[in-house]
Amino acid sequence: MKIIPVFFPNAGCKHRCVFCNEWMATMKTVPRSVEEEVMNACKLYHVDKDSEIGLYGGTFTAIENWKDILKTVHDLALKIGVKGIRISTRPDEINDVDFLIENGVIHVEIGAQSMVDRVLEASKRNHTAGDVAIAAKRLKEAGIKVSIHLMTGLPEDSKKDDLFSAFEVAKLRPDSVRIHPTLVLKNTELEKFFLSKTYRPQTLDDAVDVVSDMITIFKNDKIQIERIGMYQDRETILNVVAGPYHPAFGEMALSAMYKKFIDSTGAVKVCGPKNLRSQIIGRNKAKIPFEENNDVCVIAGDQRIYFNDWAGLYVSKLRELIG
C-alpha cells in the first residue's frame, strides 16, 4: 500500500499547539487547486491501484469547505482508480462519519499525541484523552480504519506518562499507530520554552528507550506501527532547534527493543528473519551468532525463547511500572 500525500498545512486548525510549526515544516500553503495538487502528487509518487490519497497537515474535517474538498478528491480518486482516501484530523473534529464513508474515506489518522490530560493541556491541544477514545470508537464501529499518533517528551511529560499513553491507545485497538519524539522547531511556543529553560527536551537515549518500550507494547497487542520518528524532509531538519533528532531514529528504537530482549535473556545465539538482522544485532554491534529463522528467538542455555513470549512478560512488567 502506497500513500500519495497532499498537504493542507495548519488548515482547519483552530488552536496552535506549542510544538507545531506545520507550515515551516512543509514550506507550503493551502493549495489553490486541489485537483492540480492531487494530480501532481499522483505523478510524483507513481500512483497505482493499491495507493491511498492522504490529506495531511492540518485538521482536515475542520476546514471550512472540507466537504467540498473531499468530494473533489473522491471524484478524482474514482477516476484514477486508487484504493481510497485517508485523512488526518483531531479527535474532537470528527462529526459526520457517514459523509466520510460516502466520499471514499477508508482510513482516519487521529492526532492524539498523549492520553494524559495534564500533558495535553500543557501542550495546548485543547482536547482530552476521552475525545480520542470516543473518536476511535465511532470510526471503528463505522468500519473506517483508525491510526493514532503519539508523541513522547511533551511538556510535563514523563516516561511513565508515555507508557500509560501507549497502554491506553492499545486498549482502543487501532489498526495502526505512529510514534515520534517531540522536537523543538523554530518559531514555535516550545522554542520559547526551550530558550527560557522552562522546557527540557528528551535526550536521544531517553527517547529511544521509551519509544522502544512503546513499540513492544504495540507489538505485543499485534498493532501495526506505521512510522517511528518524525517525517523527514530537508526543511524540517533545517528547522530543528533541539530535541532527540536522528535520521535513523526508527531503526535505533527497534534495535533498542531487541537489545533488551537479548540482554535480559542471556542469549548465546539469536535467530530471526534475514531482513531483521541489522535491527537485531547489526546496529547493536552484538557479538553473538545469528541464525536465519522465520521467527525471532534466542538460544539461552538449553532454552529457546521466542520474542513474542518474552514481549508478553516484559509488557506485564511495564504495566506494573506505571501502576
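Before any of the text, the structure's been laid out above.
Residues numbered from 1 in each chain as written. Predicted model: local features only at pLDDT ≥ 70, side-chain atom pairs only at ≥ 80, totals over all residues. Heavy atoms only, no water.

J.: Can you explain the overall build of the chain? Please cite residues and give values.
T.: In terms of regular secondary structure, the chain is built from 13 helices and 13 strands. Along the longest, intermediate and shortest principal axes, the C-alpha atoms of the chain span 65 × 50 × 35 Å. The 323 residues of the chain split such that 53% are buried. Considering only contacts in the chain between residues 6 or more positions apart, those separated by 24 or more positions represent 74%. About 15,600 Å² of surface is accessible on the chain, with carbon and sulfur atoms providing 50% of the total. Treating the 44 positive side-chain charges of the chain as one cloud and the 44 negative ones as another, the clouds have centres 4 Å apart. (Helix = DSSP H or I, 4+ residues; strand = E, 2+ residues; numbered from the N terminus. Buried < 20%, exposed > 50% of the residue type's maximum accessible area, 1.4 Å probe, protein only. Contact = heavy atoms within 4.5 Å. Areas by Shrake-Rupley, 256 points an atom, 1.4 Å probe, with all protein chains shown as cover. Lys, Arg positive; Asp, Glu negative; His and termini not counted. Charge placed at Lys NZ, Arg CZ, Asp CG, Glu CD.)

J.: Break down the sheet that holds strand S11 (residues 290-292) for me, citing the residues and quoting the values.
T.: Pairing is mixed across the open sheet formed by four strands, whose spatial order is S11-S10-S12-S13. Two strands in the sheet have a free side with no partner beyond their single neighbour: S11 and strand S13 (303-306). Neighbour-to-neighbour, the strand axes of this sheet turn through a mean angle of 25 degrees, independent of strand direction. Of the pairings in the sheet, the one linking strand S10 (residues 269-272) to S11 comprises three bridges and is parallel in character. Residue pairing for S11: Gly 272 is matched across the bridge by Glu 292. Set on the sheet, helix H11 (residues 249-265) makes contact with S10, strand S12 (297-300) and S13; between it and S12 the angle comes to about 20 degrees. Taken strand by strand, helix H13 (residues 307-322) contacts S12 and S13, and its axis lies near 70 degrees from that of S13. (Pairing = 2+ DSSP bridges. Axes fitted to C-alpha atoms, helices over the stretch in contact; angles between N-to-C directions.)

J.: Account for the sheet that holds strand S2 (residues 51-56), naming residues and giving values.
T.: Two modes of strand pairing occur in sheets, parallel and antiparallel, and in both the strands are linked by backbone hydrogen bonds. What the seven strands build is an open sheet, ordered S1-S2-S3-S4-S5-S6-S8; its pairing is parallel. One side of each edge strand has no neighbouring strand; the edge strands of this open sheet are strand S1 (2-7) and strand S8 (224-228). Neighbour to neighbour, the strand axes of the sheet diverge by 20 degrees on average, direction disregarded. Both strand S4 (residues 105-113) and strand S5 (residues 145-152) contribute to a ladder of six bridges, which runs parallel. Paired with Glu 109 across the two strands is Ser 147, which belongs to S5. Set on the sheet, helix H2 (residues 34-44) makes contact with S1 and S2; between it and S1 the angle comes to about 145 degrees.

J.: Any details on the pattern of salt bridges? Residues and values, ideally.
T.: What the rule picks out here adds up to 20 salt bridges. Here Glu 226 and Arg 86 are joined by a salt bridge, their closest N and O atoms 3.3 Å apart. Highlighted residues: Glu 226 in strand S8 and Arg 86 in strand S3 (residues 84-89), separated in sequence by 140 residues. Residue Glu 226 is classed as partly exposed on the basis of its relative accessible area, which comes to 23%. The salt bridge partner of Arg 178 is Glu 109, with a shortest N-O separation of 3.4 Å. Of this pair, Arg 178 sits in strand S6 (residues 176-181) while Glu 109 sits in strand S4, placing them 69 residues apart in sequence. Under the relative-accessibility criterion, Glu 109 is labelled buried at 2%. Residues participating in the shared-partner salt-bridge network are Glu 52, Arg 86, Glu 109, Arg 178 and Glu 226. (Salt bridge = Lys/Arg side-chain N within 4 Å of Asp/Glu carboxyl O.)

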